[in-house]
Amino acid sequence: MFSTTEIGIDLGTANILIYTKNKGIILNEPSVVAVDTRTNQVVAVGNEAKSMIGKTPRNIVPIRPLKDGVIADFDMTAQMLKAFLKKVSKKTGVSTRKPSVVVCTPAGSTAVERRAIDNAVKSFGAKDVHLIEEPVAAAIGADLPVAEPQASMIVDIGGGTSEVGIISFGGVVSSRSVRVGGDHMDEEIIQYVKRKHNVLIGESTAEKVKMEIGYATPEHPEETMEVRGRDLVTGLPKVITLQSTEVHRAFHEVLESILQAVTETLESCPPELSGDIVDQGITITGGGALLKGMREWLSNEINDVPVHLAENPLESVAIGTGRSLQMIQKLQKAIK
């Protein structure tokens, strides 16, 4: 029976989401921790820590303990999870004492990376930890018929990784995981502005540019945006105007990497399942799926295959991770 102590966690590079069956998504906050370097104590997590990026005194450093979908800083990840669960327990009344947890992992993660996730979750007192591959979790959350003997294809574009998977009978038939996503688009925008305009902008500004005037399609209605940064020549604050076509050019290579993962996954798909994909199409999910024109761009690049946007792209993986607690037997092949 699914109780309030059984939770699903989407341990994302950009955001952490926690799901329970009874209350749905009970937490959705950035995967950021602010640490006091003098005492090594965590001073803030989530939204509060993200708002500090680029604005803190020297002794307080906001860090992202997850990189490319896997744990980069074990201790900070464990402390961040502990802080989030404490916040969840206080805010919602959901008991987080010795919970059973299902956590998603990138399809291409190594045994060492999976063990790090397992250990980090167990370190805050989890009773049982199950790992589920991210494409399967995303497909369940997007309401695709994963347990049926037919192909369901999912493209999950996250902050640190993009996962592509073809799922049938509850398991992954073919998959690719590329370590590029929304964060890399932000980084490419920063580098482009630096190279082209001699202006340095921050992560938050780059993310805002991507969300407001970023387009996946090269052909689109031209938009402009004023951006504030620091002139690298004079060292003084400067305002420049960016065009949406420039922004598209900036992260074009990231889109090409995602497209390559999609085509490679389709090429390695068994012919019996290829027909299902032509009929059912591809479902895109994750924060990157919300980039303007993403569905149209992928549809244009992959002829004859319809592309659908999941109902809740940002929450699909977390919802699927939580729901899989009820499907643990069916998904035994995918859960290690």
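Residues numbered from 1 in each chain as written. Predicted model: local features only at pLDDT ≥ 70, side-chain atom pairs only at ≥ 80, totals over all residues. Heavy atoms only, no water.

Brief notes about the pattern of salt bridges
Item 1. Tallied over the full model, the rule gives 14 salt bridges.
Item 2. Between D143 and R323 there is a salt bridge, with the nearest N and O atoms lying 2.7 Å from each other. Here the residue D143 occupies a position in the loop between α4 (134-141) and β11 (152-157), and R323 occupies one in helix α11 (residues 316-323), the gap between them amounting to 180 residues.
Item 3. Given a relative accessible area of 52%, D143 falls into the exposed group.
Item 4. A salt bridge links E264 to R176, with the shortest nitrogen-to-oxygen separation between them at 3.2 Å. With E264 in helix α8 (residues 252-267) and R176 in strand β13 (residues 171-178), this pair connects stretches of sequence that are 88 residues apart.
Item 5. Judged by its relative accessible area of 28%, E264 falls in the partly exposed class.
Item 6. Exposure remark for R176: the relative accessible area of 29% places this residue in the partly exposed category. (Salt bridge = Lys/Arg side-chain N within 4 Å of Asp/Glu carboxyl O. Helix = DSSP H or I, 4+ residues; strand = E, 2+ residues; numbered from the N terminus. Buried < 20%, exposed > 50% of the residue type's maximum accessible area, 1.4 Å probe, protein only.)

A short note on the pairing of strand β12 (residues 162-168)
Item 1. Of all seven residues in β12, seven are buried, a share of seventy percent or more.
Item 2. Burial of the side chains of β12 extends over both faces: S162, V164, I166 and S168 are buried on one face and E163, G165 and I167 on the other.
Item 3. The antiparallel pairing of β11 with β12 creates a hairpin that spans four residues between the two strands.
Item 4. With seven bridges connecting them, β12 and β13 associate as antiparallel partners. Bridged to I166 within β13 is S174.
Item 5. What sits between the antiparallel neighbours β12 and β13 is a turn of two residues, in which F169 has the positive phi angle 55°. (Pairing = 2+ DSSP bridges.)

Some remarks on the environment of R115
Item 1. Note that R115 resides in helix α3 (residues 111-122).
Item 2. Along the primary structure R115 and L131 are separated by 16 residues, whereas in three dimensions their C-alpha atoms are 9.6 Å apart.

Some details on the packing of α8 against helix α10 (residues 294-301)
Item 1. Where α8 meets α10, the closest approach of the two axes is 11 Å, and the angle between their N-to-C directions is 50°. Compared by their axis directions, α8 and α10 come out oblique. With respect to the hand of their crossing, α8 and α10 are arranged in right-handed fashion. Residues L255, L259 and V262 of α8 form the contact with α10, whose participating residues are M294, W297, L298 and E301.
Item 2. Its residues placed into classes, the contact of α8 with α10 shows six nonpolar, no polar and one charged. (Axes fitted to C-alpha atoms, helices over the stretch in contact; angles between N-to-C directions. Parallel < 35°, antiparallel > 145°, perpendicular 65-115°, else oblique. Left-handed = near helix turned anticlockwise from the far one by under 90°. Contact = heavy atoms within 4.5 Å. Nonpolar A, V, L, I, M, F, W, Y, C, P; charged D, E, K, R; others polar.)

A look at α4
Item 1. The element α4 is extensively covered by neighbouring structure, given that eight of its eight residues are classed as buried.
Item 2. Those residues of α4 lying buried are E134, P135, V136, A137, A138, A139, I140 and G141.
Item 3. One or two steps after α4, the chain reaches D143, where phi turns positive at roughly 65°.

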